[in-house]
Amino acid sequence: MSMFRRHPAEPLEQATVPWLLACAVATTAPHVEHQPHWLMAIAGLALALRTGLWIARRRLPSRWLLSLLVVAGTVAIWFEYRTIFGRDAGVALLVLFMALKPLEMATRRDAMVLIMLGLFLLLTHYFYSQSIPTGIWLIAATTLETATMIRLFGGAQPPALIVRRAGMLLLQAVPFMLVLFLLFPRVNGPLWGLPQDAHSSRSGLPDTITPGSISDLVLNGNIAFRARFDGAPLPNASLYWRGPVMDEFDGRAWRPLRLANPSPPQVDVRGQAIDYEITLEAHQQRWLLALDAPVALPDGALLTARLQAFAREPVRQRARFRFSSAPDFRFGLDESKQMLSAALRLPRQGNEQARALADGWRRKHTTPDAIAAEALQLFRREAFIYTLQPPLLGDDSIDQFLFETRRGFCEHYASAFVFLMRAAGVPARIVAGYQGGETNPVDGYVVVRQSDAHAWAEIWTAERGWQRVDPTAAIAPSRVEEGIATALPAGEPLPVMARLDLDWLRQLRFRWEAVNNRWNQWVLGYNPDRQRELLQDLGLGDIDWRGMTALLAALSGLILLAIVGWALWQRPRHDAAQRLWLNYCKRLAKAGIPRAPWEGPQDFADRVARERPEHAAAVRAAAEAYAAARYGPPDPQALALLAAATRWRAH
Amino acid sequence: MQASRLTLRLQQWIFRLSRDDTLPIVLGQRRIFILPTGAGYLFAVVLAVMLLGAINYTLSLGHALVFLLAGLGLAAMVHTFRNLLGIAITPGRAVPVHAGDVARFPMHLRNAREEARRALGFSFAGGEECFVDLPANGNARIDVPCPAPRRGRLDPGRLTLATRYPLGLFRAWSYPYPPLTCLVYPAPIRRPLPPPVAVDDPGLARGDAGHEDFAGLRPHTPSDPPRHVAWKAVARNPAAWPLLVKHFAGGAGEELWLAWDLLADAPDDETRLSVLTGWVLAAEQAGIAYGLALPGVAFPPANGPAHQERCLEALALHDSGSLHEHVPQAPR
């Protein structure tokens, strides 16, 4: 009945404890970044205590005490997160269990539970990061877990050998992983509602614009999105990636106006459209940052009345979007009254100087274009400075900026410009987004960072509809043509990534980012669409999930078969002594002294002595050496003696 | 007991249990079986939950991790199986034991592969499992224990060779069934030796010892005068039991006969055999020549390991029909 026999609880070998503790550390340590410090401190203490008990060979604390600790820890986690079911709270619980489990680890079964807990914890790291370093760390941790299992079930061996064996096992698992990864039918998650805290906030464009809201972002070197053009990339100066459009001003902040019943935008495309794909990092907002004016949108996206491409759901994880945009277009020629009146509205009072100035322009010029040109002329003519560190502004921020400080960043210029336009009776609004980007020469992707965040203006004229006016281009043209790094005065702080002086660093960064991008595109971004693309490339265009499952099963079976084949295939091996002897016999046979297959060494020597006495001594010596090496007591010399005795050649 | 017989027949059919008559027994793939262990099932459940998590949170690397671990499980399965495959087992001769002791059956293992095999567990049904590692291209020997509760010939039944190496997720096992037997002597009961009997003079049926000629040493009996105790011999081996006395032959020849008939008062035959066994051991230890007389068989007085073995074997196999087998749960 041993098939169904329950194994008695096998006590844990003391020598396996360090392995298990190493597993616990390797799987919990990276959570330091995301878990409350008190929890990590408790975990550290518990693991240190267990290590101490192991070194001193002391008994483990009572279960009773441990249960108390678990309850206390769970309550504390509840106080921290106000739930124990969320994502972060769940991870916290796992960390707690992982830290306390070693304290009650007495049998091999306990050890296996700890290992499974560790595997689970490994998965939770991906909630926070799926970068290449995380992947490498996890491979190392998985190897460690595997090695620990080998140590548990294989007894004492040199650690290096165990780790090597674990590595070999994992290597053999890689083909399965590849096949499963590529062919396992992918489902677009989530399967059920995600907990509230599933997506932590990430930086990105703000949805209101105040002085300083963009310049704060500019110091952030993180990548906002990447774009790949099917053809040649557009010049930097044309890369205006449209984000939120703001048309309501309260004297200080600009924000989007909620429209009662928006109408679809009227876009009149002229000329060729360009195709490109954007890989957008998660920003928790719905806007998609297309180039003006999008003519073809990805599935699930829509175009608003303000020409913004919006996703139906906030972008909660990195995602790819394919666009087609026409750079030459007319937009909003017969804009709704509602929209136009919103684009003229100003607070009742405040910023009187600016209003007066604009009034003057309205009287002086007849066309909105002329008024806009006058405003840009103002920025160029007067001593305006483009800077990341503008002075703080008070209540009448526009007046203060225009007539006193004259130092500002793009949002100051855009804001002042739009104010002046509205005051002069020209419908105008602010557009936030990104401008420019950097082409990575390694893979050709245009990388757009948070530091490329920008704000510009749009004015409306009856002849041409909405058109872009970038006041920043007037004051610092190089910002638009070459990027932020050249436009700022020397000595201003810049994100390291945007600095131009460290060329080698830039080269290194280009490479690293290209690798990361590839990783993002093909490993992390491997979704149902990518899977379909790949299968199409393999000539399996219209395969459904059933076919995919069958293919998957067949390939996995094939790999398993290969491994089993390797396992079953055993070369008829001769040991060294046998090899020497058989070689020797072969040479004798060539010299006319064949050994019958059934003849043992002794019999053979006897027969040679009878039939070919001249070789008797040599053959006898070889036979004896062979017998000693093969059947005698272990003797390191025996093989050498045999080698010497069989060194015979036919003369 | 109908059910258990059915189980036995089922096992016999599934596992193709039959005696292995050709030695060495080489484990081929058809006689190695493999199933997941509890840990293996736990592993599968953990992977399933992890996969759900990875899908729900759209963790591409989570998918990769789960798939890597699944592949690891499959690879481990093959390796567990392979850990047994091709082992050559040659049983050795088991040293006889006394009833109530644990018999140990030596197994000589040969590994022709250039790779060590680890954590091979050997056990008999009802016996303890013991483990051995088999070096690359080398040999090993393991003594597999099997309790021997009764005298006679012990047949431990089929051997179970199992392994969970490398990861403990699977257990592969095989049932080598080599012809094994171990002689089990009766459990000894220590009683004072009976007095020797004179053989030449029928008048001295329970003849006294003489006083003239030193004839050797024999175990002490309560009637021995203290001056006859061989103190020198005792001093050489203080643990000796019982005390030895110098035995003097006085004219008449005397022989120590350990006879079945001396124990007519014993409650049953097994006790008789046990007492006789105790006597044989004591006499052999004391170096006295002794004869053994059982119904239907008698060994004339002699001494030495060969004689002792003969006597003990006779005691072990006495009136047991042919073989007294201890075959716990082994199928016929």
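Residues numbered from 1 in each chain as written. Chains lettered and ligands numbered in written order. Predicted model: local features only at pLDDT ≥ 70, side-chain atom pairs only at ≥ 80, totals over all residues.

Asker: So what's going on with the overall build of chain A? Residues and values would help.
Answerer: Helices and strands together make up the secondary structure of chain A, namely 23 helices and 19 strands. Scaling as 2.2 N^0.38, a compact globule of 651 residues should have a C-alpha radius of gyration of about 26 Å, whereas chain A reaches 37 Å, well beyond that. Here the C-alpha coordinates of chain A stretch approximately 135 × 70 × 55 Å along the principal axes. Looking at the 651 residues of chain A, the share that counts as buried comes to 37%. In chain A, the share of contacts with a sequence separation of at least 24, taken over all contacts with a separation of at least 6, comes to 73%. (Helix = DSSP H or I, 4+ residues; strand = E, 2+ residues; numbered from the N terminus. Rg over C-alpha atoms; globule rule 2.2 N^0.38 Å. Buried ≥ 20, exposed ≤ 12 C-beta atoms within 10 Å, placed from the backbone. Contact = placed C-beta atoms within 7 Å.)

Asker: Could you give an account of the domain arrangement of chain A, naming the residues involved and the relevant values?
Answerer: We note that the domain assignment places domain 1 (10–183), domain 2 (213–498), domain 3 (528–568) and domain 4 (576–645) within chain A. Between the C-alpha centres of domain 1 of chain A and domain 4 of chain A the distance comes to 58 Å. (Domains from an automatic or database assignment.)

Asker: Explain the interface of chain B and chain A to me, and be specific about the residues and the numbers.
Answerer: Of the residues lining the interface, 50 residues belong to chain B; the matching set on chain A comes to 50 residues. A total of 19 residues in the side of chain B that touches chain A trace back to one element, the largest contributor, which is helix H3 (residues 60–84) of chain B. Across the side of chain B that touches chain A, the residue classes break down as 31 nonpolar, 14 polar and five charged. (Nonpolar A, V, L, I, M, F, W, Y, C, P; charged D, E, K, R; others polar.)

Asker: I'd love a proper account of the sheet that holds strand E3 (residues 88–91) of chain B, names of residues and values included.
Answerer: All names here are of chain B. Pairing in this open sheet of four strands is antiparallel, and the strands run E1-E3-E5-E8 from one edge to the other. Bordering the open sheet on either side are strand E1 (25–26) and strand E8 (139–147), each of which pairs with just one other strand. Two elements, E3 and strand E5 (residues 102–110), share four bridges in a ladder whose sense is antiparallel. Bridging from a neighbouring strand, proline 91 pairs with methionine 107 of E5. (Pairing = 2+ DSSP bridges.)

Asker: Lay out unusual backbone geometry in plain terms, naming residues and giving numbers.
Answerer: Phi is mostly negative for residues that are not glycine, and the peptide bonds are mostly trans. Cis rather than trans, the peptide bond between A:Asp292 and A:Ala293 has omega equal to -15 degrees. Position of A:Ala293 relative to the elements: it lies in the loop between strand E7 (290–291) and strand E8 (294–296). Omega for the bond connecting B:Tyr165 with B:Pro166 falls within 30 degrees of zero, at 5 degrees, which places this linkage in the cis form. Here A:Leu307, not a glycine, exhibits a phi torsion of approximately 70 degrees, which is positive. For A:Leu307, the position within the fold is in the loop between strand E9 (301–303) and strand E10 (309–311). Residues other than glycine seldom take positive phi values, yet B:Thr58 does so here, at roughly 50 degrees.

Asker: Explain the pairing of strand E17 (residues 290–294) of chain B to me, using residue names and the numbers behind them.
Answerer: A regular strand carries its side chains on alternate faces of the sheet. All names here are of chain B. Pairing of strand E16 (residues 254–259) with E17 involves four bridges; the strand directions are parallel. Bridge pairing links leucine 258 to leucine 292 in E17. At this point the chain moves from E16, through helix H5 (residues 269–286), to the parallel E17, and the crossover so formed is right-handed. Across four bridges, the pairing between E17 and strand E18 (residues 297–302) is antiparallel. Looking at E18, one finds that tyrosine 290 is bridged to alanine 302. In textbook terms, the turn of a hairpin is the stretch between consecutive antiparallel strands, and for E17 and E18 this stretch comprises two residues, one of which, glycine 296, has a positive phi near 90 degrees. (Right-handed = clockwise from strand over helix to strand, strands pointing away.)

Asker: Now, about H3(B): what can you tell me, with residues and values included?
Answerer: All names here are of chain B. Between its first and last C-alpha, H3 extends 37 Å over 25 residues, near the 36 Å set by a 1.5 Å rise per residue. Taking burial as the measure, the 25 residues of H3 include 23 buried ones, the bulk of the element. Glycine 86 lies just past H3 and shows a positive phi near 85 degrees. (Expected span 1.5 Å × (residues − 1).)

Asker: Tell me about the packing of helix H3 (residues 63–81) of chain A against helix H4 (residues 87–100) of chain A, and please be specific about residues and values.
Answerer: Relative placement of two packed helices is described by the angle separating their axes and the distance separating the axes. Residue and element names in this part refer to chain A. At a minimum axis separation of 10 Å, H3 and H4 run at an interaxial angle of 160 degrees. Between H3 and H4, the angle is such that the two are roughly antiparallel. Viewed along their axes, H3 and H4 form a crossing whose handedness is right-handed. Together, Leu66, Leu69, Val70, Gly73, Thr74, Ile77 and Tyr81 of H3 and Asp88, Ala89, Ala92, Leu93, Leu96 and Leu100 of H4 make up the contact between the two elements. Each residue belonging to the contact of H3 with H4 can be placed in one class, and the counts come to 10 nonpolar, two polar and one charged. (Axes fitted to C-alpha atoms, helices over the stretch in contact; angles between N-to-C directions. Parallel < 35°, antiparallel > 145°, perpendicular 65-115°, else oblique. Left-handed = near helix turned anticlockwise from the far one by under 90°.)

Asker: Residue-level account of helix H7 (residues 159–183) of chain A, with values.
Answerer: Spanning 25 residues, H7(A) covers 36 Å between terminal C-alpha atoms, matching the ideal 36 Å at 1.5 Å per step. In H7(A), a bend of some 30 degrees at A:Ala173 exceeds every other bend along the element, and A:Pro175, a proline, comes one to four places later. Elements that come into contact with the buried residues of H7(A) comprise helix H6 (132–154) and helix H19 (545–568) of chain A together with H3 of chain B. (Bend = angle between axes of the 7 residues up to and from the residue.)

Asker: A description of the sheet that holds strand E12 (residues 182–185) of chain B should follow, citing residues and the corresponding values.
Answerer: Residue and element names in this part refer to chain B. What the three strands build is an open sheet, ordered E4-E12-E9; its pairing is mixed. Here the strands that pair on one side only, and so sit at the sheet edges, are strand E4 (97–98) and strand E9 (152–154). Where E4 and E12 come together, two bridges link them in parallel fashion. Note on E12: the bridge partner recorded for valine 97 is valine 184. Lying over the sheet, helix H6 (residues 305–317) contacts E9 and E12, oriented at roughly 85 degrees with respect to E12.

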